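Single-letter residue listing:
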Amino acid sequence: MTTTSEAASKSSRTLKYNDGATQFRLRLITSILSHRPLLLRNIRSDDLDAPGLREHEASFLRLLDRMTNGTKIEINATGTQLRFKPGVLLGGDIEHDCPIGSSGRSVGWFLEGIFPLAAFGKEPLQLTLNGVTDGTSDIDPSVDYLSSSFIPLLIKFGIGVDDDHPPPELKVTKRGAAPLGGGSVGFYCPIAKELNPIDFVDFGKVKRVRGTAVSCRIPPSSAARVAHSAKGVMHRLLPDVWIHTDVHSSSGKKRKSGDVGGCGPSPGLSVHLTATTTEGVCLSVECSMNHNINSDSDDIMQHDQTIERKNIELPEDLGKRSATLLLQEIYSGGCIDTSAQSFALLMMCLTPEDVSRIRLGQFTQYTIMSLRLYKEAFGVEFKLRADESGGKGSDDESDDGFASKRGGGQTVICSCLGIGYRNMARAST
């Protein structure tokens, strides 16, 4: 009886944090999944000009409110304190407009926060997000990156592997570069009763590299120059490299797939690369053109498309930078991207009461904070073991090629026992 009462008190205990909007999305996600209320204090209380929640954070709260039933959100007058009482996830067909400009974030920022919740609704989630889709790789993931990095992880955890529903899908219906956006993205995710434990520690050998160079409202030759430059670096190490150019003009063109096509009013150039290994590991990186804008985003909106840029990065430099980042990601030795570490560890916490293992490269500060959050919210502690083998099998030790050289850095094998999370909102059949 004591164990039952302690579990009930633990589930009803409020998660309290006094460090403001740190890990804003992740704390809201853990609150919903753990069914525990959340209290955030001192949200930018030191900012005298603009204290409290930003527009994109309030927009994310509105999106969560639409995805759930029974959620209660209380914000004080200054916006520096938030009380969040989670409801039940519903899913269904939802369309949401993401804020743009200086106070907005890209579509990828919203999708990154929705991915852990998507499979635990009452109905399959069909989400349409409108806003910025490209050009913010320095702060937000792009849709192409999420499609090649996060979607395979969802499938590996058992979401969409049965015949009842199609697998998760992320599709760009219209490109929209920063800062003015104008793009549209569709995300579909089926429901799952529970997740599958994973054992993802073998890296294998890099066998191919694929990529996409995306251009909006700039000459088509720029995307080709980016692809040629990136391939020039990768071809020194691997023969199977192919980079597609995705060129978008100002007006939509008819496509075989029936998409609207076209792009938003802002020009942009970005590239996305993915390396695949013989063991099914997919490592992705992305880069977007760096440029300095002399005026504020508000002025850009008022003067429509008059954007003055200085010190624009050359397409050749953009291609070389993306290829270098991919090589650094491979060198780190992890079986998933560095940016996907906290997401993968969260999904491991929700697996059945069985051991899950995964190999990671160097931990980021965000990942370390996430481990502390998962311990507090779910009571899950990870066992971390340093490993210098780099995921090589016994037949790889004598090879000297690029594919088997797993760098010189240590990797970490993370293992945990899941909490056995089940989708209680799923309609029984």
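Here the structure is shown first, and the text comes after it.
What counts and what doesn't
Residues numbered from 1 in each chain as written. Predicted model: local features only at pLDDT ≥ 70, side-chain atom pairs only at ≥ 80, totals over all residues. Heavy atoms only, no water. Buried < 20%, exposed > 50% of the residue type's maximum accessible area, 1.4 Å probe, protein only. Helix = DSSP H or I, 4+ residues; strand = E, 2+ residues; numbered from the N terminus. Contact = heavy atoms within 4.5 Å. Phe/Tyr/Trp six-rings, centres within 6.5 Å; stacked < 30°, edge-to-face > 60°. Lys NZ or Arg CZ within 6 Å of the ring centre and 35° of its normal. 1 Å grid on protein atoms, 1.4 Å probe; cavity = no way out; pocket = protein on both sides within 12 Å on 5 of 7 lines; lining within 4 Å. Points joined across faces, edges and corners; volume = space filled by probe spheres on them. Nonpolar A, V, L, I, M, F, W, Y, C, P; charged D, E, K, R; others polar. Pairing = 2+ DSSP bridges. Axes fitted to C-alpha atoms, helices over the stretch in contact; angles between N-to-C directions. Parallel < 35°, antiparallel > 145°, perpendicular 65-115°, else oblique. Left-handed = near helix turned anticlockwise from the far one by under 90°. Salt bridge = Lys/Arg side-chain N within 4 Å of Asp/Glu carboxyl O.

Which residues make up helix H4 (residues 107-114), and what values go with them?
Counting buried residues along H4, seven of its eight residues qualify, which places the element largely inside the surrounding structure. Within H4, burial applies to Val107, Gly108, Trp109, Phe110, Leu111, Gly113 and Ile114.

Before we move on, could you go through the side chain of His96 and cite the residues and values that matter?
Here His96 is to be found in strand S7 (residues 92-97). Once you skip the residues sitting within four places of it in the chain, His96 turns out to touch Ser59, Leu63, Arg66, Phe110, Thr128, Leu129 and Asn130.

Just give me the short version of the packing of aromatic side chains, but keep the residues and values in it.
Counted under the stated rule, the structure contains ten aromatic pairs. Look at Phe120 and Tyr421: their rings are 4.9 Å apart centre to centre, the planes differ by 80 degrees, and that puts the pair in the edge-to-face class. Residue Phe120 is located in the loop between H4 and strand S8 (125-131), and its partner Tyr421 is located in the segment after strand S20 (411-417); the two are separated by 301 residues in the primary sequence. This pair shows no difference in class: Phe120 is buried, exactly as Tyr421 is. Three or more aromatic residues joined by ring pairs make a cluster, and in this case those are Phe115, Tyr145, Phe150, Phe187 and Phe343. The ring of Phe200 has Lys156 lying over it, and the distance from NZ or CZ to the ring centre is 4.2 Å.

Describe the layout of surface pockets, with residues and values.
For the largest pocket, the calculated volume is near 820 Å³. Along the walls of the largest pocket sit 38 residues, with Glu112, Ile139, Asp140, Pro141 and Ser339 positioned nearest its centre. Of all elements in the fold, only helix H2 (24-34), helix H3 (55-67), H4, helix H5 (143-156), strand S15 (282-288), helix H8 (315-332), helix H9 (341-349) and helix H10 (365-378) reach the threshold of two or more residues within the lining of the largest pocket. Its residues assigned to classes, the lining of the largest pocket comprises 16 nonpolar, twelve polar and ten charged.

Can you explain the sheet that holds strand S1 (residues 15-17)? Please cite residues and give values.
Pairing is mixed in the open sheet, where four strands are placed in the order S1-S2-S5-S4. What marks the edges here is a single partner per strand, and that holds for S1 and strand S4 (72-75). Here the strands of the sheet are splayed against their neighbours by 10 degrees on average, with no regard to which way each runs. Both strand S2 (residues 38-40) and strand S5 (residues 82-85) contribute to a ladder of three bridges, which runs antiparallel. Within the sheet, the bridge partner assigned to Leu40 lies in S5 and is Leu82.

With reference to specific residues and values, describe empty space enclosed by the protein.
Under the counting rule described, the total for this entry stands at three cavities of 30 Å³ or more. The space that makes up the largest cavity amounts to roughly 70 Å³. Surrounding the largest cavity, 14 residues form its lining, Asp134, Ser142, Ser270, Val271 and Glu286 being those nearest its centre. Counting only elements with at least two residues in the lining of the largest cavity, the list comes to strand S12 (206-216), strand S14 (268-277) and S15. Among the residues making up the lining of the largest cavity, the classes are represented as three nonpolar, eight polar and three charged.

Go over the pairing of S14 with me, naming the residues and quoting the values.
Counted residue by residue, S14 has ten buried out of ten residues, so it is predominantly covered. Taking every second residue as pointing to the same face, both faces of S14 are buried, with Gly268, Ser270, His272, Thr274 and Thr276 on one and Leu269, Val271, Leu273, Ala275 and Thr277 on the other. When S12 meets S14, the two strands line up antiparallel, connected through ten bridges. Bridging from a neighbouring strand, Ala213 pairs with Val271 of S14. Here seven bridges tie S14 to S15, and the two strands are oriented antiparallel to one another. Directly across from Val271, in S15, lies its bridge partner Cys287. Here S14 folds back onto S15, and the loop between the two strands holds four residues, one of which, Gly280, carries a positive phi near 85 degrees.

Residues and numbers for unusual backbone geometry, please.
Ala178 connects to Pro179 through a cis peptide bond whose omega is 5 degrees. Among the secondary structure elements, Pro179 is positioned in the loop between strand S9 (169-174) and strand S10 (183-189). Unlike most non-glycine residues, Arg44 shows phi in positive territory, near 50 degrees. Residue classification places Arg44 among the partly exposed positions, given a relative accessible area of 25%. Despite not being glycine, Arg217 has its phi angle at roughly 60 degrees, a positive value.

Lay out the packing of helix H6 (residues 220-234) against H8 in plain terms, naming residues and giving numbers.
Relative to each other, H6 and H8 sit at 40 degrees, their axes nearing to 7 Å. Classified by the interaxial angle, the pair formed by H6 and H8 is oblique. With respect to the hand of their crossing, H6 and H8 are arranged in right-handed fashion. Where H6 approaches H8, its residues Ser222, Arg225, Val226, Ser229, Ala230, Val233 and Met234 are matched on the opposing element by Pro315, Glu316, Leu318, Gly319, Lys320, Ser322, Ala323, Leu326 and Leu327. Residue composition of the contact of H6 with H8, by class: nine nonpolar, four polar and three charged.

A description of the pattern of salt bridges should follow, citing residues and the corresponding values.
Between side chains of opposite charge, pairing is possible as soon as their charged atoms come close. What the rule picks out here adds up to 15 salt bridges. Of the charged contacts, one joins Arg25 and Glu112 as a salt bridge, the two residues approaching to 3.2 Å between their closest N and O atoms. Of this pair, Arg25 sits in helix H2 while Glu112 sits in helix H4; the two residues are 87 residues apart in sequence, bridging distant segments of the chain. Among the charged side chains, a network of salt bridges with common partners joins Asp134, Asp144, Arg175 and Asp246.

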